[in-house]
Amino acid sequence: MLPLPIFKLERPDTLEQAVELMAVPQSRVLAGGTDLLPNLKHRLETPKTLVALGGLRELAGITAEEHGIRIGATTTLAEVAAHPLVNGCYPALANASKTVGTSTIQEMATLGGNLLLDTRCKYLNQPQGWRQTIGGCLKCAGHVCHVAQQGTGCYAAHSADTVPVLWLMGAHIEIVDKDGLSTLPISALYTDDGINRHVLPPGALLTAVILPEPRGFVAHRKLRLRTAIDYPLLLVAVRREGAGAVAVISAVGPRPIEVRVDNAQDLVEAAMAVTKPLNTHIMSTSWRRQMVEVEVRRALEATTR
Ligand SMILES: Cc1cc2nc3c(=O)[nH]c(=O)nc-3n(C[C@H](O)[C@H](O)[C@H](O)COP(=O)(O)OP(=O)(O)OC[C@H]3O[C@@H](n4cnc5c(N)ncnc54)[C@H](O)[C@@H]3O)c2cc1C
Ligand code: SF4
């Protein structure tokens, strides 16, 4: 069993207290902990303070808004998957939530934590002793990237199951920090850098996900080795737009990729042209690339049913 490092645990009762605590350097948000705590056990990071959001009732739950719904950041994936408003109007989000890990993980894991899930790589998400045998890597305690040895960046894969569907649904996130409240489209949240994976300012709290009225049927596909537990080898979401179509493809690099075509028949080819899986997963890159063709086609077909 891997022990946790020592940290201070803060449990604020109000959002104001949480924002104040997060303004202290080396503080990190603890939501469900299903990503963060394993990463701490693997010594991928060692924050001094964890700020637990469980006491902030205003961050939990799903409410109908005038033009859509609002999902609090600490709403669990099990709650998202079971909610009648989500199932009725945004079924792809319910489906994507149900594919995260296992049902026990979905009971703990939050939607906010899923959006801010750390990027993953087969050379990184290993116990510390395993990593030390290869000298670490650019993302943790090393000087070389084992995926691209001449590379100067990190290509660890964005692996959050709910993101491609939320992106196609036009979702925004609500953020609070010491400068106040702001919103950002999910499509603008991520970067091409597997280390600094999103654009949230240090100390910012994600408070809610805002979904506009449904924009049409979204098909969702997840490729993984086993139909439970496993992180994605590939994620695809597709929505038709008149004669055209738009896809969001993820788990192939640090940032999801959007592909838009005027003629839906061109979608598979366009997706193949921009998707270049790297050696970040245990399955081969050539097979994962072939599966882009298969999964985009399947998702596109599902939008016509
Ligand atoms: C065995 C196993 C299998 C898994 N399989 C999958 C999978 O298939 N697909 C998948 O997507 N995930 C998977 N996960 C990862 C994880 O369970 C989910 O991504 C989950 O949704 C993370 O949410 P959380 O609330 O537990 O986040 P946490 O672990 O609490 O936090 C994750 C990160 O987000 C930050 N954070 C969380 N909430 C906020 C907030 N409101 N504001 C600012 N920062 C915040 C934290 O500081 C941390 O950096 C798996 C995990 C395990 C252990
Ligand atoms: S892509 Fe390279 S730098 Fe990033 S986690 Fe993997 S090995 Fe490390």
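Description of the structure in this document. Keep in mind that this is a model prediction, so the values were computed, not measured.

1. Description of the overall build of the protein chain
Then, in step 1: Secondary structure summary: the protein chain contains 11 helices and 12 strands in total.
Then, in step 2: Dimensions of the protein chain along its principal axes, counting C-alpha atoms only, are 55 × 50 × 35 Å.
Then, in step 3: Scored against the burial criterion, the 305 residues of the protein chain give a buried share of 45%.

2. Brief notes about the site of ligand 1
Then, in step 1: If you check the shell around ligand 1, you find 32 residues, and the closest are G32, G101, A109, G113 and N114.
Then, in step 2: For the shell around ligand 1, the elements supplying multiple residues, two or more each, are strand 2 (27-30), helix 2 (36-41), helix 6 (103-108), helix 7 (111-115) and strand 8 (205-212).

3. Side note on the site of ligand 2
Then, in step 1: The environment of ligand 2 is made up of 14 residues, and the closest members are C121, C137, L138, C145 and C154.
Then, in step 2: For the shell around ligand 2, the residue count by class is 10 nonpolar, three polar and one charged.

4. With respect to the sheet that holds strand 7 (residues 180-185)
Two pairing modes exist for strands in a sheet, parallel and antiparallel, and in both the strands are linked by backbone hydrogen bonds.
Then, in step 1: Read across the open sheet, the five strands follow the order 4-5-8-6-7; overall the sheet is antiparallel. The sheet terminates laterally at strand 4 (62-65) and strand 7, the two strands that pair on one side only. If you compare each strand with its neighbour and ignore which way they point, the axes differ by 25° on average.
Then, in step 2: Pairing geometry for strand 6 (residues 172-177) and strand 8, over five bridges, is antiparallel. From the neighbouring strand, E174 faces strand 8, where its bridge partner is A208.

5. As for the nonpolar core
Then, in step 1: One finds L93, A237, A247 and V296 to be the most contacted residues of the largest nonpolar core, which totals 85 residues.
Then, in step 2: For this core, the domains that each give at least three residues are domain 1 (1-55) and domain 2 (62-116 + 157-302).

Parameters at a glance
For every chain, the first residue of the written sequence is number 1, and numbering continues from 1 along that sequence. For this description, chains carry letters from A and ligands carry numbers from 1, given in the order in which they are written. This being a predicted model, a pLDDT of at least 70 is required before a residue's local features are given, and a value of 80 or more before pairs of side-chain atoms are given or counted; all residues contribute to the totals for chains, interfaces and linings. Runs of H or I in DSSP of at least four residues are treated as helices and runs of E of at least two as strands, each being numbered from the N terminus. Using C-beta atoms placed from the backbone, we call a residue buried if 20 or more other C-beta atoms fall within 10 Å of its own, exposed if 12 or fewer do, and partly exposed for counts in between. For each residue, a C-beta atom is placed from the backbone, and the residue counts as near a molecule or strand when that atom lies within 6 Å of it. In this count, Pro and Cys sit with the nonpolar residues alongside Ala, Val, Leu, Ile, Met, Phe, Trp and Tyr, while Asp, Glu, Lys and Arg are called charged and the others, Gly among them, polar. Paired strands, in this sense, are two strands between which DSSP finds at least two bridges. Axes here mean lines fitted to C-alpha atoms, for a helix over just the part in contact, with angles spanning 0 to 180 degrees between N-to-C directions. To count as a nonpolar core, a set of buried Ala, Val, Leu, Ile, Met, Phe, Trp, Tyr and Cys residues must be joined through C-beta atoms within 7 Å. Domain start and stop positions are those given by an automatic or database domain assignment.

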